[in-house]
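Single-letter residue listing:
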Amino acid sequence: MSYKEEMLQPGALKGKAAMITGGGSGLGKSMGRYFAKLGADLAIIGRNEEKLEKAAKEIEAESGQKVYCYPADVRDYERLSEVVEQAGKDLPHLSILVNNAAGNFISPSERLSHRAFDAVVDIVLKGSFYMTQLLAKHWIAEKMAGTVLSITTTYAWTGSPYVVPSACAKAGVLAMTRSLAVEWSKYKIRLNAIAPGPFPTEGAWSRLMPGGLAEKFDPKKIIPVGRYGEHQELANLAAYLVSDYSAFINGEVVTIDGGEWLQGAGEFSPLLDLPEVYWDQLEAQVKRSRNK
Ligand code: HXC
Ligand code: NAP
């Protein structure tokens, strides 16, 4: 057994269909690929139609499941309304939403234009609310149970310099998740979130570590387990959280970051760099003073 392996039993999502925003690449594609392997049909959303079609072909060929592509910008409420209406017809068993699409970049906050702030908040926070509300209205009208999984980050609660629009937006998504988990349980709609640490993707790496930044800042060095996340381990967690196995988990955020944020938060974490010989000396000194 290894964290790189598929975890759920075959057929765990059989008979279900999942809509994934940003399902054409990165973590969205990895989650979709695994959901399809577990028996789910898919509806994938993104701005680039070619990218969506390519991912759909690959996943259909691997899994034999149906993958519908809906080119859309999650900032465009009217277009999303059309998508949800069409997807409800194409996939009457659509009962899972994954809010995964995101916009982000690294920048000192005093240099941001108001349009830069808007771009990220509109994609992450407003896009997630639009999708969630549109799908929920569909499920409520059809008297269907549904489940929503939103991909946030650990700095949703700690905040982080240089990614303020993203931190604000992800904090909002977490608040939405917890609020609606309570409000919509009467409709049998369940909402949860995942807060990943660094999982290499072209999209995230190009925007968060542009230029030579990767040499100055290697996130691996601040992760206690000493490595990045593997896409399959995130896909395993996501599949569990959208499956019926997690039916009693509602309004929760599961962190999957190798202990990264806790290490950053620990008062004495900087001492982790001290050599063992320092602790030997300290222990001897303490013993001497206690024996006086
Ligand atoms: C400062 C920037 C900028 C940058 C864009 N802007 N990039 N400002 N630094 N690097 C400004 C622009 O100048 C413009 O403002 C405004 O933002 C909108 O820019 P557009 O290019 O017109 O926006 P758009 O084409 O809509 O693209 C949205 C985007 C882009 C967010 C800017 O990066 C994108 O499409 N991203 C999608 C994928 C993505 O970001 N993936 C990373 C997710 S990783 P002005 O004033 O000039 O008009 C992630 C991980 C988190 O979330 C945790 C990691 C551990
Ligand atoms: P990514 O590779 O950049 O993928 C983002 C996806 O979202 C792309 O498929 C993109 O497709 C789509 N997208 C972006 N803007 C959109 C818009 N306006 N409308 C519709 N679709 C849009 O990012 P990722 O690394 O896979 O991240 C996925 C999720 O995990 C995000 O929520 C991110 O914040 C979160 N996360 C990632 C990491 C990490 O280390 N990778 C860590 C913590 C959290 P188009 O460009 O074709 O639209």
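Keep in mind that what you see is a predicted model, and the values were worked out from it rather than measured.

### So, the overall build of the protein
The helix and strand inventory of the protein stands at 11 helices and 7 strands. Against the globule reference of 19 Å for 292 residues, the protein gives a C-alpha radius of gyration of 21 Å, in line with a compact fold. Counting only C-alpha atoms and orienting by the principal axes, one finds that the protein spans roughly 80 × 45 × 40 Å. The buried share of the protein, taken over its 292 residues, is 46%. The contacts in the protein between residues at least 6 apart in sequence include a share of 76% that link residues at least 24 apart. Counting only carbon and sulfur atoms, one obtains 54% of the accessible surface of the protein, whose full area is about 15400 Å². Side-chain charges in the protein split into 33 positive and 34 negative, and the spacing between the mean points of these groups amounts to 2 Å.

### Focus: the site of ligand 2
Every one of the 28 residues lining ligand 2 counts as a neighbour, but S25, L27, R47, N100 and T201 are closest to it. F199 places a polar main-chain atom, nitrogen or oxygen, 2.8 Å from an oxygen atom of ligand 2. When ligand 2 is considered free in solution it has 880 Å² of accessible area, and contact with the protein chains removes 90% of it. The leading source of residues in the shell around ligand 2 is helix α7 (residues 202–208), at 3 residues. The residue inventory of the shell around ligand 2, partitioned by class, reads 12 nonpolar, 11 polar and 5 charged.

### Quick word on the sheet that holds strand β3 (residues 67–71)
Spatially, 7 strands are ordered β3-β2-β1-β4-β5-β6-β7 in an open sheet, and the strand pairing comes out parallel. Of all the strands in the sheet, the pair left with one neighbour each is β3 and β7 (253–256). Neighbouring strand axes in the sheet, compared pairwise and without regard to direction, differ in orientation by 20° on average. Summarising the sheet, strand β1 (residues 17–21) and strand β2 (residues 41–46) pair through 5 bridges and their orientation is parallel. Of the residues in β2, the one forming a bridge with M19 is A43. Across the sheet, helix α6 (residues 164–183) lies against β4 (94–99), β5 (146–151), β6 (189–196) and β7, angled at about 150° from β6, the strand it touches most. Along the sheet face, helix α9 (residues 231–242) touches β4, β5, β6 and β7 and points at about 165° away from the line of β6.

### Quick notes on the packing of helix α4 (residues 114–142) against α6
When two helices pack together, their arrangement is captured by the angle between the axes and the distance separating the axes. Where α4 contacts α6, the axes come no closer than 8 Å and their chain directions differ by 15°. When the axes of α4 and α6 are compared, the pair comes out roughly parallel. Two packed elements cross with a definite hand, and for α4 against α6 that hand is right-handed. Seen from α4, the contacting residues are F117, V120, V121, V124, L125, S128, F129 and T132; seen from α6, they are P165, S166, C168, A169, K170, G172, V173, M176 and L180. Among the residues making up the contact of α4 with α6, the classes are represented as 12 nonpolar, 4 polar and 1 charged.

### Description of the pattern of salt bridges
Applying the stated criterion to the full structure yields 13 salt bridges. Residue R33 is joined to E58 by a salt bridge in which the shortest nitrogen-to-oxygen separation is 2.8 Å. Separated by 25 residues along the polypeptide, R33 in helix α1 (residues 26–37) and E58 in helix α2 (residues 49–63) bring together distant segments of the chain. A relative accessible area of 28% places R33 in the partly exposed class. Of the charged contacts in the structure, one is a salt bridge between E82 and R79, with a shortest N-O distance of 3.2 Å. Of this pair, E82 and R79 both sit in helix α3 (residues 77–90), 3 residues apart, roughly one helical turn. Here R79 falls in the partly exposed class, since its relative accessible area comes to 26%. Each of the salt bridges in this network shares a partner with another, and the network as a whole consists of K29, R33, K54, E58 and E62.

Criteria and thresholds
Residues numbered from 1 in each chain as written. Chains lettered and ligands numbered in written order. Predicted model: local features only at pLDDT ≥ 70, side-chain atom pairs only at ≥ 80, totals over all residues. Heavy atoms only, no water. Helix = DSSP H or I, 4+ residues; strand = E, 2+ residues; numbered from the N terminus. Rg over C-alpha atoms; globule rule 2.2 N^0.38 Å. Buried < 20%, exposed > 50% of the residue type's maximum accessible area, 1.4 Å probe, protein only. Contact = heavy atoms within 4.5 Å. Areas by Shrake-Rupley, 256 points an atom, 1.4 Å probe, with all protein chains shown as cover. Lys, Arg positive; Asp, Glu negative; His and termini not counted. Charge placed at Lys NZ, Arg CZ, Asp CG, Glu CD. Near = heavy atom within 4 Å. Polar contact = N/O pair within 3.5 Å; in protein donor to acceptor, adjacent residues only side chain to side chain. Nonpolar A, V, L, I, M, F, W, Y, C, P; charged D, E, K, R; others polar. Pairing = 2+ DSSP bridges. Axes fitted to C-alpha atoms, helices over the stretch in contact; angles between N-to-C directions. Parallel < 35°, antiparallel > 145°, perpendicular 65-115°, else oblique. Left-handed = near helix turned anticlockwise from the far one by under 90°. Salt bridge = Lys/Arg side-chain N within 4 Å of Asp/Glu carboxyl O.

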